[in-house]
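Descriptive analysis of the structure
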Amino acid sequence: MLPESEINRVLVVTAHPDDADFGSAGSVALFVDKGVEVTYLLVTDGDAGGNERTLDNSGMAELRRKEQLAAAKAVGVTDVRFLGYPDGQVVPSLELRRAIARVIRQVRPDLVITHHPDRNYQFIAPSHPDHRAVGGATLDAVYPDARNPYAFPELIKEEGLEAWTVREVWLNGGSTPNHWVDITESMDRKLAALQSHVSQVSHVEGFTDFVRSRFAAWAEQAGLGEGRYAEGFQVVPTA
Ligand SMILES: [Zn+2]
């Protein structure tokens, strides 16, 4: 694995508002504590999410952007970018690969965190089709697109964005995590980030207890013991 001292910039690519907060906000908060620059890239605005039937899709998109900005702030992230794709309709297209490769070349991250592109047969929620599409497109953008100067040559010619090699990817939501981050210290900030998504979680009874028990179970699976919390990832070396 990439030594922590060599991680200076992290890019988190997700499909929807709240994905980063469920998947990696505890780890992100710990990176921010160490002075790492973290950028969030959201492919959709989440305009098809939530139970707020009084809003149309564009009203929901605006609300969810605001909620995501607040959630990012709760873990110290201020650079939040949106690609504005329609929620529920993402496919791993060449256009999406180029859009993600562009941001990789702009941000030049050492580490990218994104969704696992394979279906998880143990739980259904991590394998939302948008998640699989974004995970696949992001891995393709990491290799080969962002590092290959001949891929999407207009990114260099028109935007001056030179090729960039991401050195490691962490995948969320897969069935075979092989890396656990102890987030006990940042669990309260992760919860604050999640609770910023008022349209998604405020109506869920026992939400805080549910989140705590989920991440406590992972800490036990990771062998960290009782009373700890952990986020799990599958690490993909990409250097
Ligand atoms: Zn999602």
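Structural data are supplied above this passage.
First, a word on what this report is: a plain description of the structure on this page. (Residues numbered from 1 in each chain as written. Predicted model: local features only at pLDDT ≥ 70, side-chain atom pairs only at ≥ 80, totals over all residues. Heavy atoms only, no water.)

Examining the sheet that holds strand β2 (residues 37-44)
The seven strands are arranged β3-β2-β1-β4-β5-β7-β6 in an open sheet whose pairing can be described as mixed. If you trace the sheet from one side to the other, it starts and ends with β3 (79-85) and β6 (179-182), each paired once. Looking at each pair of strands side by side, their axes are set apart by 25° on average, direction ignored. Sheet topology places β6 next to strand β7 (residues 230-237); four bridges connect them, and they run antiparallel. What sits directly across from Val181, in β7, is Glu231. Across the sheet, helix α3 (residues 57-74) touches β2 and β3, and the angle it forms with β3 is around 155°. (Pairing = 2+ DSSP bridges. Helix = DSSP H or I, 4+ residues; strand = E, 2+ residues; numbered from the N terminus. Axes fitted to C-alpha atoms, helices over the stretch in contact; angles between N-to-C directions. Contact = heavy atoms within 4.5 Å.)

Describing the environment of Trp180
Following the sequence through the fold, Trp180 ends up in strand β6. A C-alpha to C-alpha distance of 32 Å links Trp180 and Leu63, two positions 117 residues apart in sequence. Not counting the four nearest positions on each side in its chain, Trp180 is found in contact with Trp218, Gln221, Ala222, Ala230, Glu231 and Gly232.

Some thoughts on unusual backbone geometry
Following Tyr143, the chain continues into Pro144 via a peptide bond in cis, with omega recorded as 10°. You can see Pro144 is positioned in helix α5 (residues 129-146). One non-glycine residue, Arg108, lies in the positive phi region at around 55°. Phi angles above zero are rare outside glycine, and Phe152 is one such case at about 45°. Turning to its location among the elements, Phe152 is positioned in the loop between α5 and α6 (154-157).

Notes on the coordination of the zinc ion
Looking at the metal site, the zinc ion is ligated by His16 (ND1), Asp19 (OD), Asp19 (OD) and His131 (NE2), spaced 2.0 to 2.6 Å from it. Every donor counted, the four donor atoms about the zinc ion form angles of 54 to 128° at the centre, which fits irregular coordination. Here the donor residues for the zinc ion map to a single chain with the spacing H-x2-D-x111-H. Of this pair, Asp19 sits in helix α1 (residues 19-23) while His131 sits in helix α5, and the two are 112 residues apart along the sequence. Here Asp19 and His131 have matching classes, each one buried. (Donors = N, O, S within 2.8 Å, 3.2 Å for Na, K, Ca; no water. Tetrahedral: all angles 85-135°; square planar, octahedral: opposite > 155°, others 65-115°. Buried < 20%, exposed > 50% of the residue type's maximum accessible area, 1.4 Å probe, protein only.)

Thoughts on the packing of aromatic side chains
Within this structure, the stated rule accounts for five aromatic pairs. Relative to Phe233, the ring of Trp170 has its centre 5.0 Å away and its plane inclined at 45°; by these criteria the two rings are tilted. Of the two residues, Trp170 sits in strand β5 (residues 168-172) while Phe233 sits in strand β7, which places them 63 residues apart along the sequence. Neither residue differs from the other here; Trp170 and Phe233 are each classed as buried. (Phe/Tyr/Trp six-rings, centres within 6.5 Å; stacked < 30°, edge-to-face > 60°.)

What about the pairing of β2?
Here β2 lies mainly inside the structure; seven of its eight residues are buried. One ladder, built from six bridges, connects strand β1 (residues 9-14) with β2; its direction is parallel. Its bridge partner being in β2, Arg9 is matched across the sheet by Glu37. With five bridges joining them, β2 and β3 adopt parallel strand pairing. Bridge pairing links Tyr40 to Val80 in β3.

As for the packing of helix α4 (residues 94-107) against α5
Across the interface, α4 lies against α5 with an axial gap of 8 Å and an inter-helix angle of 65°. As for the relative orientation of α4 and α5, their crossing is right-handed in sense. Facing Leu96, Arg97, Ile100, Ala101, Ile104 and Arg105 of α4, the residues of α5 in contact are Ala137, Thr138, Asp140, Ala141, Val142, Asp145 and Ala146. Residue composition of the contact of α4 with α5, by class: eight nonpolar, one polar and four charged. (Left-handed = near helix turned anticlockwise from the far one by under 90°. Nonpolar A, V, L, I, M, F, W, Y, C, P; charged D, E, K, R; others polar.)

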